[in-house]
Amino acid sequence: LITYHPRGMSRRRGMKTEKEETQLSVEETNDNESMMSSNSDNVGSVTGGGDEEDGKAQMQPLMMDSSVASSATPITAVDNTSAIRKLINSNPEFFGQALKFLFCFLGLQASYLTWGYMQELIMTSEFEPTKSSPDGKFPSAAFCVFSNRFLAIIVAMIAVKLRHGSVLANNTAPLIAFAPCALSNTMSSWSQYASLRYVSFPVQTVFKSSKIIPVMLMGKFLKGTAYPCTQYAEAALITAGVAIFSIASKEPKGDSDTSFAGLMFLCLYIFFDSFTSQWQDKVYHKYGRANVDPYQMMLGVNASAICITTAGLIITGDFPIVYEFLKANPAVFQYNVITAITSASGQLCIYYTIKEFGPIVFTIIMTTRQMISICLSAVIFGHVITLKALVGAVLVFGVLFYQIRRKYNARKQKSAEAK
């Protein structure tokens, strides 16, 4: 008989008995059971003791190929990791700043996108009705402000304690100096929450971009600041874009109805918020930025704000009404907690971003956040954004990004002249 090996051309002649073939098959199976199991039919017909070694030799290249193939992937992964490590080590300052920027961007986006979503969810959803709130709507915008300020003051106290070693001992500016902007900050937040009962979140977000005009007027009134004509032109274009978006978003049916009351609340928000930023800047100038850091400002504003909101809730009798509503709708309490957490984390991210990258980068991030929040609100809550409204939004954000570019070029030129 002539037997052919799977990978060879050698042959052997001779006759073997059935007993010898069976014995050889058993021996080779015991010697290399796992390797030769797939070729047992061929092995059974192989004769001679030397064929066993020949079969192993023929299998050896396959075994070596498998080993080499299995070790190739880890070597490639190690090489890639080493290359990345070398790239980072070649410019550690750049990659360090890139990681900081990524942290600031993600922190601000996560905080304020979540905060905006929860804000709209609390104020526009219909929950389980109660005796005091038969429509199922959350009954108190002031309580939302209170919950935000309650957690913010705790975070501010911890931050000031860690930074200065004491909560109040190292404060150059007295707490009373923050009272006016704390009042305006409380009223602006309350107006913002209350407006969502009458206008959609996209309308509110775009409308807030028009606060540049009140800010300029407040700056001129409080500090005598003069602004160039180009800024007034930019403010006029933003206002026009806001008007287009607001009018185009008006729907006679649905929860995005832009009513007169909603617009009044938005105007109150813009007025009080403009006063807040200008008064804070006045405090910085009066007591010195070196003596009042952002965490002390956060503490001073929220300390006065928590007193104002608590007094307001007591006077209006909202505490028992809110308690009754939260008892019937425990999920709303969780929403308020999440809103408070994201509000506090957002404030910390604001201060850290401005400190590390300046106000221009911060403005870019927040403007991007506004655009994303409008899209998310439209998708999640079903708000309709028409083509005319989209044109108004593009006009607003186009002017905002132009302002950012103008400020960046001015700052770059000023830095070049200083050198």
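Please read these numbers as outputs of a predicted model, since none were measured by experiment.

*Asks:* Help me out: how do you make sense of the pattern of salt bridges in this one?
*Replies:* Oppositely charged side chains may form a pair once their charged atoms are brought near each other. Inspection of the entire model under this criterion finds two salt bridges. We note a salt bridge from D293 to R163, for which the minimum N-O separation is 3.0 Å. Placement of the pair is D293 in the loop between α11 (260-287) and α12 (294-316) and R163 in helix α6 (residues 141-164), with a sequence separation of 130 residues. One salt bridge in this structure joins R406 and E234, with 2.9 Å as the shortest N-O distance. With R406 in helix α15 (residues 387-418) and E234 in helix α10 (residues 229-248), the pair connects residues that are 172 residues apart, well separated along the chain.

*Asks:* For this particular structure, what's the right way to read the packing of α6 against helix α7 (residues 179-195)?
*Replies:* For any two helices packed against each other, the geometry comes down to the angle between their axes and how far apart the axes lie. The geometry of α6 relative to α7 is characterised by a closest axis approach of 8 Å and an angle of 130° between their N-to-C directions. Between α6 and α7, the angle falls in the class oblique. In this structure, the crossing between α6 and α7 has a hand that is right-handed. Across the interface between the two elements, A141, A142, C144, V145, N148 and R149 from α6 touch N185, T186, S189, W190, Y193 and A194 from α7. Residue composition of the contact of α6 with α7, by class: seven nonpolar, four polar and one charged.

*Asks:* Even after reading the chapter, I still don't get the packing of α7 against α12, so can you show me in this structure?
*Replies:* Contact pair α7 / α12: the axes reach a minimum separation of 8 Å and the direction vectors enclose 55°. The angle between α7 and α12 places the two elements in the oblique class. Of the two possible hands of crossing, α7 and α12 adopt the one that is right-handed. Contacts between α7 and α12 involve A179, C181, A182, L183, N185 and T186 from the former and V301, S304, A305, I308 and T309 from the latter. Class assignment of the residues belonging to the contact of α7 with α12 gives a composition of seven nonpolar, four polar and no charged.

*Asks:* Help me understand the environment of L326 in this model?
*Replies:* Looking at the element boundaries, L326 is found in helix α13 (residues 318-328). C-alpha of L326 to C-alpha of F138: the two residues are 188 residues apart in sequence and 8.9 Å apart in space. When neighbours within four sequence positions are excluded, L326 is seen to be in contact with F138, F143, V332 and F333.

*Asks:* What is the right way to read the nonpolar core from this model?
*Replies:* As a rule of thumb, soluble globular proteins bury nonpolar side chains together. Of all hydrophobic cores here, the largest spans 36 residues; its most connected members are L108, M123, F138, F143 and Y193. The set of elements that each furnish at least two residues to this core consists of α5 (92-124), α6, α12, α13 and α14 (330-381). It is α6 that contributes the most residues to this core, ten residues altogether. Aside from chain neighbours lying at most four places away, what touches Y193 is W115, Q119, M123, A141, C144, V145, N148 and T339. Within the second largest apolar cluster, 21 residues are counted, among which are V199, V242, F245 and L266.

*Asks:* I'm lost on the confidence of the model for the chain in this one. Help?
*Replies:* Keep in mind that low pLDDT regions are not for reading the predicted coordinates in detail. Of all residues in the chain, 77% have pLDDT values of 70 or greater, and the mean over the chain is 76. Across the chain, the secondary-structure element scoring lowest on mean pLDDT is helix α3 (residues 40-44), at 42, and the one scoring highest is α13, at 93. Counting interchain partners and residues more than four positions distant, the pLDDT-below-50 stretch residues 1-53 has 40 contacts. Overall, residues 252-257 carries pLDDT values under 50, and its contacts beyond four positions in sequence, including any with other chains, amount to nine contacts.

*Asks:* How should α13 be read in this particular structure?
*Replies:* Along an α-helix, a turn takes 3.6 residues, which lines up residues three or four apart on a common side. Within α13, the full set of buried residues consists of D318, V322, F325 and L326. Take α13 and look down its axis: the buried residues cluster within an arc of 95°, on one side only. Facing away from the buried side of α13, by more than 90 degrees, are the exposed residues P320, Y323 and K327.

*Asks:* Where do I start with the packing of aromatic side chains in this structure?
*Replies:* The geometry of two aromatic rings is summed up by the distance between their centres and the angle between their planes. If you walk through the whole model with that rule in mind, you get 14 aromatic pairs. Between F275 and W279, the aromatic rings sit 5.7 Å apart at their centres with planes inclined by 20°, giving stacked as the arrangement. Placement of both F275 and W279 in helix α11 is noted, with a separation of four residues, approximately one turn of the helix. Through successive ring pairs, a cluster of aromatic residues spans F127, F138, F143, F146, F150, F319, F325 and Y335.

*Asks:* Explain α7 to me, please; I cannot follow it from the model alone.
*Replies:* Counted at 1.5 Å a residue, the expected span for α7 with its 17 residues is 24 Å, and the 24 Å between its end C-alpha atoms agrees. Burial of α7 is extensive: twelve of the 17 residues sit out of reach of the surface. Regarding α7, the residues found buried are C181, A182, S184, N185, T186, S188, S189, S191, Q192, Y193, A194 and S195.

So, how was this worked out
Residues numbered from 1 in each chain as written. Predicted model: local features only at pLDDT ≥ 70, side-chain atom pairs only at ≥ 80, totals over all residues. Heavy atoms only, no water. Salt bridge = Lys/Arg side-chain N within 4 Å of Asp/Glu carboxyl O. Helix = DSSP H or I, 4+ residues; strand = E, 2+ residues; numbered from the N terminus. Axes fitted to C-alpha atoms, helices over the stretch in contact; angles between N-to-C directions. Parallel < 35°, antiparallel > 145°, perpendicular 65-115°, else oblique. Left-handed = near helix turned anticlockwise from the far one by under 90°. Contact = heavy atoms within 4.5 Å. Nonpolar A, V, L, I, M, F, W, Y, C, P; charged D, E, K, R; others polar. Core = buried A, V, L, I, M, F, W, Y, C linked by side-chain atoms within 4.5 Å. Buried < 20%, exposed > 50% of the residue type's maximum accessible area, 1.4 Å probe, protein only. pLDDT = per-residue confidence, 0-100. Arc of directions from axis to C-beta. Phe/Tyr/Trp six-rings, centres within 6.5 Å; stacked < 30°, edge-to-face > 60°. Expected span 1.5 Å × (residues − 1).

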